[in-house]
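# Architecture and fold: a report
One letter stands for each residue in the lines below.
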Amino acid sequence: DTAVSQTPKYLVTQMGNDKSIKCEQNLGHDTMYWYKQDSKKFLKIMFSYNNKELIINETVPNRFSPKSPDKAHLNLHINSLELGDSAVYFCASRDSQGLGYGYTFGSGTRLTVV
Amino acid sequence: SQQGEEDPQALSIQEGENATMNCSYKTSINNLQWYRQNSGRGLVHLILIRSNEREKHSGRLRVTLDTSKKSSSLLITASRAADTASYFCASSWASGGSYIPTFGRGTSLIVHP
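Let us look at the structure shown here.

Reading guide: rules and limits
Along each chain, the written sequence defines residue order, and numbers are assigned to residues from 1. Chains carry letters and ligands carry numbers; both start at the beginning, A for chains and 1 for ligands, and go up in the order they are written. Note on the predicted model: pLDDT of at least 70 is required for a residue's local features to be given, and 80 or more for side-chain atom pairs to be given and counted; whole-chain, interface and lining totals, by contrast, use all residues. Hydrogens and waters are ignored; side-chain quantities use all the structure's heavy atoms. By definition, any uninterrupted DSSP run of H or I lasting at least four residues is a helix, any uninterrupted run of E lasting at least two residues is a strand, and each is numbered from the N terminus. Our radius of gyration is a C-alpha quantity, and the globule rule it is checked against amounts to 2.2 Å times the number of residues to the power 0.38. Partly exposed residues are those whose accessible area sits between 20% and 50% of the maximum for their type, while under 20% is buried and over 50% is exposed, using a 1.4 Å probe and protein chains only. Only heavy atoms matter for contacts: two residues are in contact if any of them lie within 4.5 Å across the pair. When charges are tallied, Lys and Arg are placed among the positive residues and Asp and Glu among the negative ones, while His and the ends of the chain are skipped. A single reference atom marks each charge: NZ on Lys, CZ on Arg, CG on Asp, CD on Glu. A carboxyl oxygen of Asp or Glu within 4 Å of a side-chain nitrogen of Lys or Arg is what we treat as a salt bridge. We treat two strands as partners when DSSP finds at least two bridges between them. Note on definitions: buried area is the accessible-area loss of two parts on being combined, 1.4 Å probe, summed for both. The residue classification treats Ala, Val, Leu, Ile, Met, Phe, Trp, Tyr, Cys and Pro as nonpolar and Asp, Glu, Lys and Arg as charged. All others, Gly included, are polar. Distance and chemistry together define a polar contact, namely a pair of N or O atoms within 3.5 Å, with one atom able to donate a hydrogen and the other to accept it when in protein, and with adjacent residues in sequence counting only for side-chain atoms on both sides.

### Quick notes on the overall build of chain B
A tally of regular secondary structure across chain B gives zero helices and eleven strands. Tracing chain B from N to C terminus, the helices and strands come up as β-β-β-β-β-β-β-β-β-β-β. A globule of 113 residues ought to have a C-alpha radius of gyration of about 13 Å, and chain B, at 14 Å, matches this closely. Across its three principal directions, the C-alpha atoms of chain B cover 45 × 30 × 20 Å. For chain B, buried positions account for 46% of its 113 residues. Taking the contacts inside chain B whose residues are at least 6 apart along the sequence as the reference set, 55% of them involve residues at least 24 apart. Chain B carries 12 positive and 9 negative side-chain charges, and their two centres are separated by 6 Å.

Here it is as structure tokens:
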């Protein structure tokens, strides 16, 4: 059973398009994250939601808009896609009250903008 | 930038040898975590060490933390070919009531059978 699931796993699209990536976790965690991993494997945090409330919003173009309909879901919508958006996007979650535990990651969505 | 840095960037060893990876970070932390990432996969949590701990073990893994030097090390003993992966440290620091996990660029480990 997948704990943090992202869809789609692969996404190839043309510049200028709008696309969404979905993330769902069945762990009962209250905090979810979006990370971007570039070609050099650098993982950069983009957003974090706690109980549907945005708590971290790093310097990300406003073409990226996260949406959390409930605490088990955190979707990422990207408008007007650019070549530089090509990367692997990871969703993660954690229990903010469980200080002894790490983050659970999804398997990633590889986005290729052509 | 608050990001951590792993060292070395790449490590190639023979099966049975020990592998040591280091991580440095910049701010005071609440805890530090190590993750493994197999090629094309997500990150898997390995071990978490709190800021008031100095050493922690989990199976063949040993993690140390030196808060005075703002550094941590991950030792994998008796390595196996299956340990081939990228290893990341994540320092977790508090900001506005939230804990922000900040990753380094990872150490790419290759274990030759």
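There's more to say after this.
### Remarks on the pattern of salt bridges
Overall, the coordinates contain five salt bridges over all chains when judged by the stated rule. Of the charged contacts, one joins A:Arg63 and A:Asp85 as a salt bridge, the two residues approaching to 2.8 Å between their closest N and O atoms. Taken together, the positions of A:Arg63 in the loop between strand S6 (53–57) and strand S7 (64–70) and A:Asp85 in the loop between strand S8 (73–78) and strand S9 (87–94) put the pair 22 residues apart, joining distant regions of the chain. Classification of A:Arg63 by relative accessible area gives buried; the value is 13%. The partner of B:Glu53 in a salt bridge is B:Lys56, and the shortest N-O contact between them spans 3.9 Å. One continuous salt-bridge network, built from bridges that share partners, spans A:Arg63, A:Glu82 and A:Asp85.

### Some details on the pairing of strand S2 (residues 10–13) of chain A
Residue and element names in this part refer to chain A. Of the two faces of S2, only one is covered, namely that formed by Leu 11 and Thr 13; the face formed by Tyr 10 and Val 12 stays uncovered. Examined bridge by bridge, S2 and strand S11 (residues 109–113) share four bridges and lie parallel to one another. Bridge pairing links Tyr 10 to Arg 110 in S11.

### Details of the interface of chain B and chain A
The parts lose accessible area when they come together, and the size of an interface is often stated as this lost area. Across the contact, 22 residues belong to chain B and 21 residues belong to chain A. Between chain B and chain A lies a buried interface of about 1800 Å² when both sides are counted; carbon and sulfur atoms form 55% of it. When contributions to the side of chain B that touches chain A are tallied by element, the ones reaching two or more residues are strand S4 (31–37), strand S5 (43–50), strand S9 (85–95) and strand S10 (98–103) of chain B. Ranked by residue count, the leading element in the side of chain B that touches chain A is S10(B), at five residues. Each residue belonging to the side of chain B that touches chain A can be placed in one class, and the counts come to eight nonpolar, eleven polar and three charged.

### A word on the side chain of A:Arg63
Residues and elements named next belong to chain A. Here the side chain of Arg 63 touches Ser 80 through a polar contact of 3.2 Å, landing on its backbone oxygen. Side-chain polar atoms of Arg 63 contact the side chain of Asp 85, separated by 2.8 Å. Aside from chain neighbours lying at most four places away, what touches Arg 63 is His 77, Ile 78, Asn 79, Ser 80, Leu 81, Glu 82 and Asp 85.

### Notes on the environment of B:Gly104
Counting through the fold element by element, B:Gly104 comes out in the loop between S10 and strand S11 (107–112). Judged by relative accessible area, which is 0%, B:Gly104 ranks as buried.

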